[in-house]
Amino acid sequence: QQQVKQSPQSLIVQKGGISIINCAYENTAFDYFPWYQQFPGKGPALLIAIRPDVSEKKEGRFTISFNKSAKQFSLHIMDSQPGDSATYFCAASRARSNSGYALNFGKGTSLLVTP
Amino acid sequence: DAGVTQSPTHLIKTRGQQVTLRCSPKSGHDTVSWYQQALGQGPQFIFQYYEEEERQRGNFPDRFSGHQFPNYSSELNVNALLLGDSALYLCASSLTNVGGGQPQHFGDGTRLSIL
């Protein structure tokens, strides 16, 4: 059972545009929501993460929007650049758990930013 | 400051064989998690080790086992390899403290191919 659903599967954006990727989760016990960026041949790299006590978090060109009641969160990449072309994964987990804090990943979004 | 290191980077095995993958966590981290990433998919959680014990396990058969050493490094063992075990195996490290755990930092993985 996929605990985190991610869309779209692929995305093409022009340079300077806004890239938006959406995720939805089922388990209300999740309280930590990171986004990872993965380039071919590399492991996922943490981009930005949010806890449910805030509705938005911004770091540079990357912003997470969080809607607790809808159990949805999204990544916005402002002023998208060709170097942002990569696969993006959302994830969810329990931040505080004595029994572990496994990350549950979405299936990924392949982003292509055209010049 | 070295990040998460994994070895080997690539490995080719045949069905029925056994394999051991290794991971050294980021300096200062005490928790190691292993994930399997099939081609075109998001990482799937295998298990998490803390204080040399398996703290949490995902939906993987007993053929998958692990170990954590006193220096926090870890091994993933897979017995009786199947063609479906072909994947990128990712190690992630993090720090577990009183407030909980996270974030998890990934290595670049071991690409395992089963013939």
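So, here is what we can say about the structure in this document. Each residue is numbered by its place in its chain's sequence as written, counting from 1. As they are written, the chains are lettered A onward and the ligands numbered 1 onward, keeping that order. In keeping with the predicted nature of the model, local features appear solely for residues at pLDDT of at least 70, side-chain atom pairs appear and are counted solely at 80 or more, and the whole-chain, interface and lining totals rest on all residues. Excluded from the side-chain calculation are hydrogens and water; included are all heavy atoms of the structure.

Concerning the overall build of chain A
Helix numbers and strand numbers start at the N terminus; a helix is a DSSP run of H or I with at least 4 residues, a strand a run of E with at least 2. If you tally the helices and strands in chain A, you get zero helices and 11 strands. Both definitions apply: the radius of gyration is a C-alpha atom measure, and the globule rule equals 2.2 Å times residues to the power 0.38. Taking 2.2 N^0.38 as the reference for a compact globule, 115 residues should give roughly 13 Å; the C-alpha atoms of chain A span a radius of gyration of 14 Å, in line with that estimate. Based on the C-alpha atoms only, the size of chain A along its principal axes is roughly 45 × 30 × 25 Å. In chain A, buried positions account for 44% of the 115 residues. Neither His nor the chain ends is counted toward charge; the positive residues are Lys and Arg and the negative residues Asp and Glu. Charge placement uses NZ in Lys and CZ in Arg. For Asp and Glu, CG and CD serve respectively. Separation between the mean location of the 12 positive side-chain charges and that of the 7 negative ones in chain A comes to 5 Å. Each residue is placed in one exposure class: buried if its accessible area under a 1.4 Å probe, protein chains only, is under 20% of its type's maximum, exposed if it is over 50%, and partly exposed if it falls in between.

Let's talk about the interface of chain A and chain B
The contact criterion used is simple: two residues touch if any of their non-hydrogen atoms lie within 4.5 Å. On the side of chain B, 25 residues touch chain A, which itself brings 24 residues to the contact. Here the quantity called buried area is the accessible surface, traced with a 1.4 Å probe, that two parts lose on coming together, added over both. Summing both sides of the interface, chain A and chain B together bury roughly 1,800 Å²; the carbon and sulfur share of this comes to 50%. For this document, the term salt bridge refers to a Lys or Arg side-chain nitrogen within 4 Å of an Asp or Glu carboxyl oxygen. Scanning the region where chain A abuts chain B turns up one salt bridge. Across the pair Lys42 of chain A and Asp108 of chain B runs a salt bridge, and its minimum N-O distance is 3.7 Å. Any residue that is not Ala, Val, Leu, Ile, Met, Phe, Trp, Tyr, Cys, Pro, Asp, Glu, Lys or Arg is counted as polar, Gly included; the first ten are nonpolar and the last four charged. Across the side of chain A that touches chain B, the residue classes break down as 10 nonpolar, nine polar and five charged.

Section: the sheet that holds strand E3 (residues 19-25) of chain A
Residues and elements named next belong to chain A. Being paired, for any two strands, means DSSP has found at least two bridges between them. Pairing is antiparallel across the open sheet formed by five strands, whose spatial order is E1-E3-E8-E7-E6. Strand pairing shows two members of the sheet lacking a second neighbour, strand E1 (4-7) and strand E6 (56-59), which therefore form its edges. Between one strand and the next, the sheet's axes are offset by a mean angle of 15°, whatever the strand orientation. Think of each axis as a best-fit line through the C-alpha atoms, taken over the contacting stretch in the case of a helix, with angles from 0 to 180 degrees between the N-to-C directions.

Some points on the side chain of Ser74 of chain B
Residue and element names in this part refer to chain B. Following the sequence through the fold, Ser74 ends up in strand E8 (residues 74-78). Polar contacts involving the side chain of Ser74 include one to the side chain of Trp34, which spans 3.0 Å. Setting aside residues up to four positions removed in sequence, Ser74 forms contacts with Leu21, Arg22, Cys23, Val32, Trp34, His67, Gln68 and Phe69. Any pair of nitrogen or oxygen atoms within 3.5 Å is treated as a polar contact; in protein, a donor-acceptor pairing is required on top of that, and neighbouring residues in sequence qualify only through side-chain atoms on both sides.

Some details on the sheet that holds E8 of chain B
Residues and elements named next belong to chain B. Overall, antiparallel pairing links the four strands, which are arranged E1-E3-E8-E7 in an open sheet. Each end of this open sheet is capped by a strand with a single partner; those strands are strand E1 (5-7) and strand E7 (64-68). The sheet shows a mean angle of 20° between the axes of neighbouring strands, taken without regard to direction. Examined bridge by bridge, E7 and E8 share five bridges and lie antiparallel to one another. Of the residues in E8, the one forming a bridge with Phe64 is Val78.

With respect to the state of the cysteines
All names here are of chain A. In plain terms, two cysteine sulfur atoms within 2.5 Å form what is called a disulfide here. Applying the stated rule across the entire model yields two disulfides over all chains. Sulfur-sulfur distance for the disulfide between Cys23 and Cys90 comes to 1.8 Å. In this structure the cystine formed by Cys23 and Cys90 twists about its S-S bond by roughly -95°; its chirality is therefore left-handed. Taken together, the residues span a long stretch of sequence, with Cys23 in strand E3 and Cys90 in strand E9 (residues 86-92) at a distance of 67 residues. The burial state of Cys23 is the same as that of Cys90; both residues are buried.

A short note on the environment of Leu47 of chain A
Residues and elements named next belong to chain A. Position of Leu47 relative to the elements: it lies in strand E5 (residues 45-50). Exposure remark for Leu47: the relative accessible area of 18% places this residue in the buried category. Each C-alpha atom, one on Leu47 and one on Lys71, is 20 Å from the other, the two residues being 24 residues apart in sequence. Beyond its immediate chain neighbours, meaning those up to four positions away, Leu47 contacts Trp35, Tyr36, Gln37, Glu59, Phe62, Leu75 and Tyr88.

Thoughts on the packing of aromatic side chains
All names here are of chain A. Stacked, edge-to-face and tilted labels apply to pairs of Phe, Tyr and Trp rings (six-membered ring for Trp) whose centres lie within 6.5 Å, assigned for plane angles under 30 degrees, over 60, and everything in between, in that order. A full pass over the atoms with the stated rule returns 17 aromatic pairs over all chains. An angle of 55° between the planes, with centres 5.0 Å apart, marks the rings of Phe33 and Phe73 as tilted. Of this pair, Phe33 sits in strand E4 (residues 33-38) while Phe73 sits in strand E8 (residues 72-77); the two residues are 40 residues apart in sequence, bridging distant segments of the chain. Given a relative accessible area of 0%, Phe33 falls into the buried group. Look at Phe73 and you get buried, because its relative accessible area is 2%.

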